[in-house]
Amino acid sequence: MTGKNFLFTSESVTEGHPDKVCDQISDAILDEFLSKDNRSRVAAETTVTTGMALICGEITADCYVDIPQVVRNTIRNIGYTGSCSGGFDADTCAVLTSIDEQSTDIGNGVNKALESRTTNADTSIVETEDLGAGDQGIMFGYACNETPELMPLPISLAHRLSYRLAQVRKQGLVNYLRPDGKSQVTVEYVNGKPSRIHTILLSTQHNPVINGVTNNNEVQNIIKEDLQKLVIDYVFESCDIKPDADTIILINPSGRFVIGGPQGDSGLTGRKIIVDTYGGYSRHGGGAFSGKDPTKVDRSAAYAARYVAKNIVAAGLADKCEIELAYAIGVADPLSILVDTFGTGKISDEEIEKLVRKNFNLKPAGIINKFDLRNLPKKNGGKFYQLLAAYGHMGRTDIDVPWEHTDKADDLKNQVSACGCSCM
């Protein structure tokens, strides 16, 4: 999209959105298992609907976790209790579990990987003790210089709005918000760069009566006035690009949002993968993150691809960078690495790819060790992956996320300078 004039839109959702409830439950289960046994193999899937949460999947671990208690605590922390429960209450909902052990076929392939070795003209496959990928698949990572955290501006703003909406509710700045909510931001680009805010959309679940006011038109006017001041104005106060007189602002455009959460719509783990990543601005391999232990490259390799792309942009090698990684189940080495800088690279994409292969260990074991993925929950008081399960896995600034570090940027820049390239 470099060099074009266009509108681009990204959405985010609050932690009370039914799909995000599921993501947080699945990752809370993962946190608990890894905190007690960091070698746990976890693939936890959650679905929620009115009055019920169902947990299913495959888990192999040398520990016991009270899964129903983890589920209830997660739902309670999100805010579905008492008058805000809306037919889905942490203390009264049914919690059903159907858990098997991980397939031994998968486990054996992961534990004892096959690694491609080339000797002279012959290519042979030999067994190694290196950790193999937990599945086949493709993963994408992306970075650009539109924001300080090197994320696309539309998804960055959408996350800030939905996060602030939840803060307003949890801090009691108003007394009528319920946990479910969404945001959406449309940014106008001129010559491929963000120019202005075209549209801001907020939808929030709310009580039917606000401070004794029962008329819905009056209720919506109260909500619009409060959210304009407490959410939109608050978020954009620190932004370089702000809404202007022509910016379209829509707050609860449906006219009423009382029935929401799992009562309004069933939820499912892994159904917000674009919200979790780059808001659609970059390609996506299709794999979800939540509920999966680090041997699943859907998760760990996507984090690694973001780390690589972010360091390339931070090093000034490109204004935009997308990395594609491909893996085969049980095989340690990536099958392919693709670099695309969309014509913004200061050196060729092929040269950047050589730098990636030289400087980044993209085997599953290398990724896990680099980011300490098995130990992050225990090192963070038993809660890490659950925090990522709402408001994005990439570009986070509120928590210390290792794949957001730019510790390789100087090395990359120095290696390019040392080669005498005139482009830098």
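Please refer to the structure placed before this passage.
Remember, it's a predicted structure, so these values are computed and weren't measured experimentally. (Residues numbered from 1 in each chain as written. Predicted model: local features only at pLDDT ≥ 70, side-chain atom pairs only at ≥ 80, totals over all residues. Heavy atoms only, no water.)

Caption draft 1: Here's a closer look at the side chain of Thr 46. Summarising the element assignment, Thr 46 is placed in strand β2 (residues 41–49). A polar contact of 2.9 Å, which involves the side chain of Thr 46, links it to the side chain of Ser 26. Those residues in contact with Thr 46, other than ones at most four positions away along the chain, are Cys 22, Ile 25, Ser 26, Leu 54, Ile 55, Gly 267, Leu 268 and Thr 269. (Helix = DSSP H or I, 4+ residues; strand = E, 2+ residues; numbered from the N terminus. Polar contact = N/O pair within 3.5 Å; in protein donor to acceptor, adjacent residues only side chain to side chain. Contact = heavy atoms within 4.5 Å.)

Caption draft 2: Up close: helix α5 (residues 216–236). Its 21 residues give α5 an end-to-end C-alpha distance of 28 Å, which sits within 8% of 30 Å, the value for a rise of 1.5 Å per residue. Remark: the principal bend of α5, roughly 40°, maps to Gln 228. Buried within α5 are the following residues: Val 219, Gln 220, Ile 223, Asp 226, Leu 227, Leu 230, Val 231, Ile 232, Val 235 and Phe 236. Check the buried side of α5 and you find it contacts α4 (153–170), β9 (193–206) and β10 (248–251). One side-chain oxygen at the N-terminal end of α5 lies 3.0 Å from the backbone nitrogen of Asn 217; it belongs to Asn 215. (Expected span 1.5 Å × (residues − 1). Bend = angle between axes of the 7 residues up to and from the residue. Buried < 20%, exposed > 50% of the residue type's maximum accessible area, 1.4 Å probe, protein only.)

Caption draft 3: How the structure looks around the packing of helix α9 (residues 349–359) against helix α13 (residues 409–418). Between α9 and α13, the least distance of the axes is 11 Å, while the angle of their chain directions is 125°. Our classification of the angle between α9 and α13 gives oblique. In this structure, α9 meets α13 at a crossing whose hand is right-handed. Counting all contacts with α9, which are made through Leu 355, Lys 358 and Asn 359, the residues of α13 involved are Leu 412, Gln 415 and Val 416. (Axes fitted to C-alpha atoms, helices over the stretch in contact; angles between N-to-C directions. Parallel < 35°, antiparallel > 145°, perpendicular 65-115°, else oblique. Left-handed = near helix turned anticlockwise from the far one by under 90°.)

Caption draft 4: Fine view of the nonpolar core. Ile 29, Ile 312 and Trp 403 are the most contacted members of the largest nonpolar core, which has 107 residues in total. In terms of residue count, helix α8 (residues 297–314) provides more of this core than any other element does, 11 residues in total. Setting aside anything within four residues of it in sequence, one finds Trp 403 in contact with Tyr 303, Arg 306, Tyr 307, Phe 371, Leu 373, Leu 376, Phe 384, Leu 388, His 393 and Met 394. (Core = buried A, V, L, I, M, F, W, Y, C linked by side-chain atoms within 4.5 Å.)

Caption draft 5: Seen up close, the sheet that holds strand β13 (residues 336–340). In space, the three strands of this open sheet follow the order β7-β12-β13, with antiparallel pairing throughout. Edge positions in the open sheet fall to β7 (137–144) and β13, since each of these has one partner strand only. Across the sheet, the axes of successive neighbouring strands diverge by a mean angle of 15°, strand direction being ignored. Direction of pairing for β7 relative to strand β12 (residues 320–327): antiparallel, over a ladder of eight bridges. (Pairing = 2+ DSSP bridges.)

Caption draft 6: Spatial organisation of the pattern of salt bridges. Applying the stated criterion across every chain, the model contains 23 salt bridges. Here Asp 244 makes a salt bridge to Arg 196, at a shortest N to O gap of 2.8 Å. Taken together, the residues Asp 244 in the loop between α5 and β10 and Arg 196 in strand β9 connect sequence positions 48 residues apart. Here Lys 370 ties to Asp 407 by a salt bridge, and the two come within 3.0 Å at their closest N and O atoms. One end of the pair, Lys 370, is in helix α10 (residues 364–371); the other, Asp 407, is in the loop between α12 (385–388) and α13, and 37 residues separate them in sequence. If you follow the salt bridges from partner to partner, you end up with Asp 19, Arg 271 and Lys 272 in one network. (Salt bridge = Lys/Arg side-chain N within 4 Å of Asp/Glu carboxyl O.)

Caption draft 7: Expanded view of the environment of Ser 282. Along the polypeptide, Ser 282 turns up in the loop between α7 (273–276) and α8. On the accessibility criterion, Ser 282 (8% relative accessible area) is buried. Distance in space between the C-alpha atoms of Ser 282 and Pro 152 is 9.0 Å, their sequence separation being 130 residues. Excluding anything up to four places from it in sequence, Ser 282 contacts Tyr 142 and Glu 322. In terms of polar contacts, Ser 282 uses its side chain to reach the side chain of Glu 322, at 2.8 Å.

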